[in-house]
Amino acid sequence: MAPIPPGIRLLVSFDRDQWYRALTFVLTFLLYTSFHLSRKPISIVKSELHKNCSPLSELSTLASSSGSQEPSLPSRQTDMDCSWKPFDKGNYKQLLGAMDYSFLCAYAIGMYLSGIIGERLPIRLYLTVGMLTSGLFTCLFGLGYIYNIHSLGFYITVQVANGLVQTTGWPSVVTCIGNWFGKGRRGLIMGLWNSHTSVGNILGSLIAGYWVSSNWGLSFIVPGLIIAVMGVICFLFLIEHPNDLKSISAQKSSPGKSMVQTKHWNGVNGHTEVYLQYKDNKAKAYYYYEDRIGYQSRKSYDTELLLPRDSVCVPVQPVVVVKNESEPSAISFMGALQIPGVIEFSLCLLFAKLVSYTFLFWLPLYITKAAHLDAKKAGDLSTLFDVGGIVGGIFAGVISDKLGKRATTCAVMLLLAAPTLYGFSMISQFGIGPTIGMLLVCGGLVNGPYSLITTAVSADLGTHKSLKGNAKALSTVTAIIDGTGSVGAALGPLLAGLLSAGGWDRVFYMLMTADFLALLLLLRLVTKELVSTKSHPISAVELKEH
């Protein structure tokens with residue numbers, strides 16, 4: 001007999017639950033990757049909506065001078081035709097900032113409602129509808145190029161609608177991953193998993209950059225189609241909770257195949273007793289009750305009665321099942337705010353996400369202006385910020401798991417991020433080489449705390465001991481934290497558009513201030529973690545003595 005290949009041995013070493021856990025990890029990773037993939041094109045296309053027309057103007061002026069024509073008229077005509085109306089005016093930064101703000105403001109407002117709605121609807125269907133509609137609105141933005149639409153109202157309306165439907169994504173995927181993975185090594189697992197944010201930004205930059213110079217409409221249409229396809233995959237394969245698999249096992253183990261007759265009688269108080277007659281003349285009678293676990297209703301068989309070997313069916317009295325604990329109900333908004341740490345981490349994320357999303361929406365344009373690169377090269381270079389974010393998110397998760405201090409880990413990275421941002425603003429003027437290094441470092445320090453708070457911290461707080469095992473709070477807590485962070489995400493790009501008119505230095509000062517404010521908001525939790533570390537050995541001894 002030939003030996004079993006090592007790869008097959010590895011595959012069979014995992015049980016069914018581990019395979020389903022891996023499926024959920026990979027699937028939710030890809031689902032939210034497609035969300036960020038569809039958000040990134042706007043930052044790449046900005047430099048195409050308003051081009052640097054000076055080189056074309058100079059060429060046009062030279063051509064006009066050689067033809068003995070008035071140079072100023074062709075130059076003005078070139079300036080107007082170079083950019084995409086209505087972003088061809090001098091206030092183009094404010095208009096581009098308004099588009100960012102419309103998306104992010106709608107996203108922030110919708111996020112507070114999304115978590116509450118998501119807890120009361122099947123996650124798989126809720127997420128599927130959100131992804132399909134998000135794909136539709138992303139494609140609509142790209143169709144503005146194909147149908148030559150120059151209305152600012154059209155683009156802002158599409159951005160607002162897209163921002164609202166994209167709020168279905170984050171609470172849903174975090175709830176799913178939180179249901180499948182416990183607290184053990186949660187920082188590492190979610191640090192790896194949260195790299196979908198940076199992976200989506202990288203893929204979105206590469207896809208949008210491929211068409212940005214030739215047909216920027218496709219820079220939106222292709223990502224829109226991708227997220228719509230992923231929505232269909234979500235509908236077909238997403239398993240919300242491990243308990244959902246029990247219904248499959250119950251169906252497989254049910255004696256339905258051997259049944260030849262089923263009889264129903266109305267019982268006491270409207271209950272229904274079900275009698276099953278078998279081929280071997282042995283019948284079983286079941287009384288069942290509805291058991292809500294997670295979001296699906298399942299039938300759980302409660303009692304079984306073996307009847308004599310004849311065709312007489314004897315009715316049984318219904319069994320009343322009394323549970324020790326009442327069914328967990330969805331937590332209220334104010335109830336979620338009372339969980340220790342939710343307010344501090346929410347406000348901290350507001351400023352951390354302000355910095356991260358300012359880079360997300362304005363970094364390619366900044367590189368275009370500072371390094372004098374075209375739109376495609378600037379978009380490709382900006383992906384290094386997200387590469388650093390992947391490493392930073394994983395690093396933050398590993399360190400916080402090892403130390404058991406989420407707030408302290410975030411605080412240290414925020415403390416290092418502020419001077420690094422100042423260094424980036426200085427070094428980016430000296431060429432591509434230093435810029436690459438600083439982009440990697442900034443990406444790690446900026447996205448590390450952002451990643452940790454939105455994943456491991458949200459999951460920890462959503463399953464806090466004060467909730468007494470009520471897993472339905474996870475979606476609401478996640479939505480509150482990320483919704484508050486999204487307020488900062490909306491303010492950051494808007495402020496960047498306003499401040500950049502007076503120079504990019506003002507933008508970086510704003511980003512450094514936001515990092516310091518995020519750090520200050522965590523000081524109470526950091527102090528609490530450090531104090532608990534000192535008192536931990538004493539409490540451990542006391543436990544042993546008792």
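Residues numbered from 1 in each chain as written. Predicted model: local features only at pLDDT ≥ 70, side-chain atom pairs only at ≥ 80, totals over all residues. Heavy atoms only, no water.

The name an unreviewed UniProt entry gives the protein chain is Glucose-6-phosphate exchanger SLC37A1 isoform X2, with Betta splendens as the organism. What the UniProt record of the protein chain gives under Subcellular location (unreviewed entry) is the line "Membrane". (UniProt positions renumbered as here; feature names shortened; annotations may be inferred.)

Peer 1: Before we go on, may I ask you to explain helix α3 (residues 41-49) in this structure?
Peer 2: Side chains of residues three or four places apart in an α-helix project in the same direction, reflecting 3.6 residues per turn. The buried fraction of α3 is high, at 9 of 9 residues. P41, I42, S43, I44, V45, K46, S47, E48 and L49 are the residues of α3 that are buried. (Buried < 20%, exposed > 50% of the residue type's maximum accessible area, 1.4 Å probe, protein only. Helix = DSSP H or I, 4+ residues; strand = E, 2+ residues; numbered from the N terminus.)

Peer 1: What is the right way to look at the environment of A456 in this model?
Peer 2: On the secondary structure map, A456 appears in helix α18 (residues 432-462). Judged by its relative accessible area of 0%, A456 is buried. In the structure, A456 is positioned 59 residues away from G397 in sequence and 7.6 Å away in space, judged by C-alpha atoms.

Peer 1: Help me understand the state of the cysteines in this model?
Peer 2: Defined simply, a disulfide is a covalent bond joining two cysteines at their sulfur atoms. This model, assessed by the stated rule, comprises 0 disulfides. The thiol sulfur of C348 is not disulfide-bonded, and the nearest other cysteine sulfur, from C410, lies at 6.1 Å. The buried category is assigned to C348, whose relative accessible area is 0%. (Disulfide = S-S within 2.5 Å.)

Peer 1: When you look at the pattern of salt bridges in this model, what are you seeing that I'm missing?
Peer 2: In total, this model carries 5 salt bridges according to the counting rule given. The salt bridge involving R16 is made with D17; its shortest N-O contact spans 3.6 Å. Notably, a salt bridge pairs R524 with E344, separated by 2.3 Å at the nearest N-O pair. Placement of the pair is R524 in helix α21 (residues 523-545) and E344 in helix α15 (residues 342-371), with a sequence separation of 180 residues. R524 sits in the partly exposed class, given a relative accessible area of 48%. Classification of E344 by relative accessible area gives buried; the value is 16%. (Salt bridge = Lys/Arg side-chain N within 4 Å of Asp/Glu carboxyl O.)

Peer 1: Honestly, the environment of T455 in this entry has me stumped. Any pointers?
Peer 2: Structurally, T455 is set in helix α18. The spatial distance from the C-alpha of T455 to the C-alpha of T175 is 9.9 Å, given a sequence separation of 280 residues. Looking at T455, its side chain comes within polar contact range of the main-chain oxygen of S451, at 2.6 Å. (Polar contact = N/O pair within 3.5 Å; in protein donor to acceptor, adjacent residues only side chain to side chain.)

Peer 1: Quick question: what am I supposed to make of the confidence of the model for the protein chain here?
Peer 2: Interpreting fine coordinate detail is not advised for predicted regions of low pLDDT. The predicted model of the protein chain averages 76 in pLDDT, with 73% of residues at 70 or higher. Low confidence marks residues 316-327, where pLDDT is under 50. Its contacts with residues over four positions away, or in another chain, come to 16 contacts. Counting interchain partners and residues more than four positions distant, the pLDDT-below-50 stretch residues 537-546 has 0 contacts. (pLDDT = per-residue confidence, 0-100. Contact = heavy atoms within 4.5 Å.)

Peer 1: Would you mind showing me how to read the packing of aromatic side chains here?
Peer 2: With the rule as written, the count across this model stands at 23 aromatic pairs. Ring centres 6.1 Å apart and planes at 75° place the aromatic pair F25 and F181 in the edge-to-face group. With F25 in helix α2 (residues 16-39) and F181 in the loop between α9 (169-180) and α10 (186-193), the pair connects residues that are 156 residues apart, well separated along the chain. Geometrically, the ring pair formed by F141 and Y155 is tilted, given 4.9 Å between the ring centres and 55° between the ring planes. One end of the pair, F141, is in helix α7 (residues 123-146); the other, Y155, is in helix α8 (residues 152-165), with 14 residues separating them in the sequence. As far as burial versus exposure is concerned, F141 and Y155 are alike and both buried. A connected cluster of aromatic rings, assembled from ring pairs, spans W84, F87, F141, Y145, F154, Y155, W216 and F220. (Phe/Tyr/Trp six-rings, centres within 6.5 Å; stacked < 30°, edge-to-face > 60°.)

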